[in-house]
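Okay, here's what each chain looks like letter by letter:
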Amino acid sequence: MQFIDLAIIHIRSGSGGAGCVSFRKEKYIEFGGPDGGDGGRGGDVIIRTAENLNTLIDFKYKQHYFAKNGSQGMGKNKTGAKGLDIILTVPIGTEVLLENKQTLLIDLNKVNQEFLLAGGGNGGWGNQKFKSSTNRAPRKANPGEKGVELTLWLRLKLLADVGLIGMPNVGKSSLLAKITNAKPKIGDFPFTTTNPNLGLVLHNQVDFVVADIPGLIEGANEGKGVGIQFLGHIERCKTLVHVIDSTSKDLLGGYESTLNELGKYKETLTLKVELVILNKVDLLSKKELKKIIMLFKKMEINVLPISTYSKYGIEDFLNKLVKIIETEKSENKLVKVGKKWAP
Ligand SMILES: Nc1nc2c(ncn2[C@@H]2O[C@H](COP(=O)(O)OP(=O)(O)OP(=O)(O)O)[C@@H](O)[C@H]2O)c(=O)[nH]1
Ligand SMILES: [Mg+2]
């Protein structure tokens with residue numbers, strides 16, 4: 001499956017309903033006054049972010065989104081019903097651009113963020129609004145205001161604080177599912193994940209977004225496997241966590257080839273790897289685990305053992321992540337303050 005991160009949509013808000021011309025009809029009253037109600041407002045087109053989404057794929061299949069028109073006003077001063085709104089739900093990190101693909105309308109980078117893309121037209125006035133001292137029986141009503149029609153581009157850029165990288169089948173998606181509300185596909189075969197999945201972690205009152213990135217294999221940067229198209233997304237993560245399968249026959253080889261692929265794409269990417277975690281340790285004996293930890297220690301790499309099955313080490317992992325994220329935030333602040341002080 002292809003990763004969709006650009007989609008074109010056509011939207012239209014609803015027109016307002018027409019105002020009504022009507023006169024009161026009551027027994028024994030010969031000339032009832034005007035009582036035509038106003039037309040209802042047209043429906044809005046609203047865009048809203050949803051946490052559980054991570055692609056724009058829905059917009060590839062459906063491109064037209066038209067909100068309903070407002071209903072006409074009615075007699076007895078009844079206002080017409082408002083047209084139904086349309087709410088487009090998109091992943092966090094979606095940008096909305098005008099048809100020229102250059103002008104940014106909004107960058108939707110927060111959870112449950114909402115933006116009005118096109119407001120519904122106002123309803124027309126009914127004839128009771130035109131009543132005046134000189135015209136007691138107006139036969140005039142307004143048509144409703146027209147809706148707004150727009151062609152827009154949606155562009156998704158993954159906004160993840162942390163990216164989980166590693167060879168296929170090491171348990172990246174399982175880990176994401178364990179620590180966030182995301183429900184990625186998990187399977188006992190390589191390349192189960194073909195699109196990055198995003199999830200929100202809330203730990204010790206700190207929240208951050210984690211992305212599970214499709215497995216990287218040797219040659220990914222030349223287009224092998226599915227990883228290549230995501231290297232660009234990996235670039236946008238502030239921190240990378242390298243996940244290793246502790247039961248792999250070639251632990252160091254796998255570890256190095258993933259780093260190589262990152263480095264070949266962009267040297268500085270490897271500097272973003274701040275944690276190396278060893279998954280599936282539930283399948284190892286204590287002795288085996290110790291041996292592996294020592295193996296990495298010899299290369300001056302500290303690995304953190306975890307198991308997404310038994311939850312072993314997960315709390316520790318999250319504590320460490322929170323610390324890294326907090327440090328990053330304060331460093332960013334320091335840089336900004338530092339700039340202010342520059343002569
Ligand atoms: N025993 C054990 N198995 C695990 C653990 N974590 C994941 N697995 C299994 O490992 C397999 C691969 O898990 P995924 O989470 O799909 O791995 P992935 O890294 O996302 O794989 P790709 O999407 O193909 O890159 C699945 O069969 C999981 O059930 C663990 O802690 N212990
Ligand atoms: Mg996966």
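What you see is a predicted model, and the numbers here were worked out from it, not measured in a lab.

Chemist: Any details on the packing of aromatic side chains? Residues and values, ideally.
Modeler: Summed over all chains, the structure comprises three aromatic pairs. Where Phe59 meets Tyr65, the ring centres are 5.8 Å apart and the plane angle is 55°; that geometry is what we call tilted. Seen from their ring centres, Tyr255 and Phe296 are 5.6 Å apart, and the 80° between their planes marks the pair as edge-to-face. Of this pair, Tyr255 sits in helix α4 (residues 251–265) while Phe296 sits in helix α5 (residues 286–298), placing them 41 residues apart in sequence. Residues Tyr255 and Phe296 agree in their burial class; the two are buried. Arg12 extends its terminal NZ or CZ atom over the ring of Phe66, reaching a point 4.0 Å from the ring centre. Stacked on the ring of Trp153, the Lys or Arg Lys101 has its end atom at 4.3 Å from the ring centre.

Chemist: How would you sum up the domain arrangement of the protein? Please name residues and give values.
Modeler: Looking at the assigned domains, one finds that the protein contains domain 1 (6–156) and domain 2 (162–338). Taken over C-alpha atoms, the centre of domain 1 sits 46 Å from the centre of domain 2. Regarding the contact of domain 1 and domain 2, the summed buried area is about 490 Å², with carbon and sulfur atoms giving 47% of it. Inspection of the domain 1/domain 2 interface yields zero salt bridges. Where domain 1 meets domain 2, there are zero residue pairs in polar contact (both at pLDDT 80 or more). Partitioning the side of domain 1 that touches domain 2 into residue classes produces three nonpolar, two polar and one charged.

Chemist: An account of the site of ligand 1 is requested, with residue identities and associated values reported.
Modeler: Near ligand 1 lie 23 residues; those nearest to it are Ser174, Phe191, Thr193, Thr308 and Tyr309. Contact between ligand 1 and Lys172: an oxygen atom at 2.8 Å from a side-chain N or O atom of the residue. Ser307 places a side-chain nitrogen or oxygen 3.4 Å from an oxygen atom of ligand 1. Relative to its free-state accessible area of 650 Å², ligand 1 is covered by the protein chains to the extent of 94%. Sort the elements by how many residues they give to the shell around ligand 1 and helix α2 (residues 172–179) lands first, with three residues. Looking at the shell around ligand 1 residue by residue, the class counts come to eight nonpolar, 11 polar and four charged.

The rules behind the values
- Residues numbered from 1 in each chain as written.
- Chains lettered and ligands numbered in written order.
- Predicted model: local features only at pLDDT ≥ 70, side-chain atom pairs only at ≥ 80, totals over all residues.
- Heavy atoms only, no water.
- Phe/Tyr/Trp six-rings, centres within 6.5 Å; stacked < 30°, edge-to-face > 60°.
- Helix = DSSP H or I, 4+ residues; strand = E, 2+ residues; numbered from the N terminus.
- Buried < 20%, exposed > 50% of the residue type's maximum accessible area, 1.4 Å probe, protein only.
- Lys NZ or Arg CZ within 6 Å of the ring centre and 35° of its normal.
- Domains from an automatic or database assignment.
- Buried area = accessible area lost by both parts, 1.4 Å probe.
- Salt bridge = Lys/Arg side-chain N within 4 Å of Asp/Glu carboxyl O.
- Polar contact = N/O pair within 3.5 Å; in protein donor to acceptor, adjacent residues only side chain to side chain.
- Nonpolar A, V, L, I, M, F, W, Y, C, P; charged D, E, K, R; others polar.
- Near = heavy atom within 4 Å.
- Areas by Shrake-Rupley, 256 points an atom, 1.4 Å probe, with all protein chains shown as cover.

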